[in-house]
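So the chains spell out like this:
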Amino acid sequence: AGERALSRSGQGASDVAHRELYSCFPSAVRIQQRELGFEPDTSTTVTGGMAFAGGPLNNFVLQAMAKMAQVLRDDPGALGMVNAVSGLMTKQGVTLWSTEPRADRFLFDDVSDLSAAAIEEVAVDDDVPSQARIAGYTVTYEADEPRSAILLCDREDGSRSLISLPDPDLALRLTREEGCGRDLRFTSP
């Protein structure tokens, strides 16, 4: 989405003077910086960023657009960018802003089909394998204590399994040690 927005506008990442990269989590900002070609030490926000982790079902991007309009009024001719990531970094929205109108005016592209074609789908198998490697995980809590681990595991056949383990010891260990890449062996209870 970012590549298309910049290429359609005839601009490059270095031409973007003001940015509001959706900031629900630090990883979202870093991913956008990397994918858009912005240097890690460049400014990523005109609003100051989200004050908490995530902004689901609110209007943060609309507020960012309003702030970008104010910023650009104070810097005529500059280029601004406001982005959205749609929860899981799967449905990006990239908008470019300027006080200078383009000859071809408003441009819009839907790159959903291109994005879908570029993403390899991996089958998810419901049964628990005998062996697997952790691809990703999260830990759930009860009060302040880790209680269970939800593991996305790569299987030997190339598919994946999503496995929920109500194991407080494992959950605690995964908060202290990196689990991704670790091999697991599952046994029947």
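Here's a quick rundown of the structure. Since the structure is predicted, the reported quantities are computational estimates derived from the model, not experimental observations. (Residues numbered from 1 in each chain as written. Predicted model: local features only at pLDDT ≥ 70, side-chain atom pairs only at ≥ 80, totals over all residues. Heavy atoms only, no water.)

**Brief notes about the pattern of salt bridges**
Under the criterion given, the structure shown has ten salt bridges. R4 is the salt-bridge partner of D109, the closest N and O atoms lying 3.1 Å from each other. Of this pair, D109 sits in the loop between β3 (93-98) and α4 (112-118) while R4 is found in helix α1 (residues 2-9), placing the two residues 105 residues apart along the sequence. Classification of D109 by relative accessible area gives partly exposed; the value is 29%. R155 is paired through a salt bridge with D125; the nearest N and O atoms lie 3.5 Å apart. In this pair, R155 sits in the loop between β5 (145-154) and β6 (160-165) while D125 sits in the loop between α4 and β4 (131-142), placing the two residues 30 residues apart along the sequence. For R155, a relative accessible area of 13% translates into the label buried. (Salt bridge = Lys/Arg side-chain N within 4 Å of Asp/Glu carboxyl O. Helix = DSSP H or I, 4+ residues; strand = E, 2+ residues; numbered from the N terminus. Buried < 20%, exposed > 50% of the residue type's maximum accessible area, 1.4 Å probe, protein only.)

**Some details on the layout of surface pockets**
Here the largest pocket is characterised by a volume of approximately 1,700 Å³. If you trace the largest pocket, you find 44 residues lining it, with A1, G2, A5, V94 and T95 closest to the centre. Looking at the lining of the largest pocket, the elements with two or more residues in it are α1, α2 (26-36), β2 (79-84), β3 and α4. When grouped by side-chain class, the residues that make up the lining of the largest pocket number 20 nonpolar, 13 polar and eleven charged. (1 Å grid on protein atoms, 1.4 Å probe; cavity = no way out; pocket = protein on both sides within 12 Å on 5 of 7 lines; lining within 4 Å. Points joined across faces, edges and corners; volume = space filled by probe spheres on them. Nonpolar A, V, L, I, M, F, W, Y, C, P; charged D, E, K, R; others polar.)

**A look at the sheet that holds β5**
Pairing is antiparallel in the open sheet, where four strands are placed in the order β6-β5-β4-β7. The open sheet has two edge strands, β6 and β7 (183-185), and neither has a second partner. Between one strand and the next, the sheet's axes are offset by a mean angle of 40 degrees, whatever the strand orientation. Here β4 runs beside β5; their pairing, made up of nine bridges, is antiparallel. Across the sheet, the residue bridging to T138 is I150, located in β5. Relative to the sheet, helix α5 (residues 168-176) contacts β4, β5 and β6, its axis offset from that of β5 by approximately 80 degrees. (Pairing = 2+ DSSP bridges. Axes fitted to C-alpha atoms, helices over the stretch in contact; angles between N-to-C directions. Contact = heavy atoms within 4.5 Å.)

**What about the side chain of R155?**
At 2.9 Å, the side chain of R155 and the backbone oxygen of D127 are in polar contact. Engagement of the side chain of R155 in a polar contact is seen with the side chain of S161, the distance being 2.7 Å. (Polar contact = N/O pair within 3.5 Å; in protein donor to acceptor, adjacent residues only side chain to side chain.)

**Description of the sheet that holds β3**
Strand order in the open sheet formed by three strands is β1-β2-β3, and the pairing between neighbours is mixed. Looking at which strands have only one partner, the edges of the open sheet turn out to be β1 (16-20) and β3. This sheet shows a mean twist of 25 degrees between the axes of neighbouring strands, independent of strand direction. Contacts between α1 and the sheet are confined to β1, β2 and β3, with β3 contributing the most and set at about 30 degrees to the helix.

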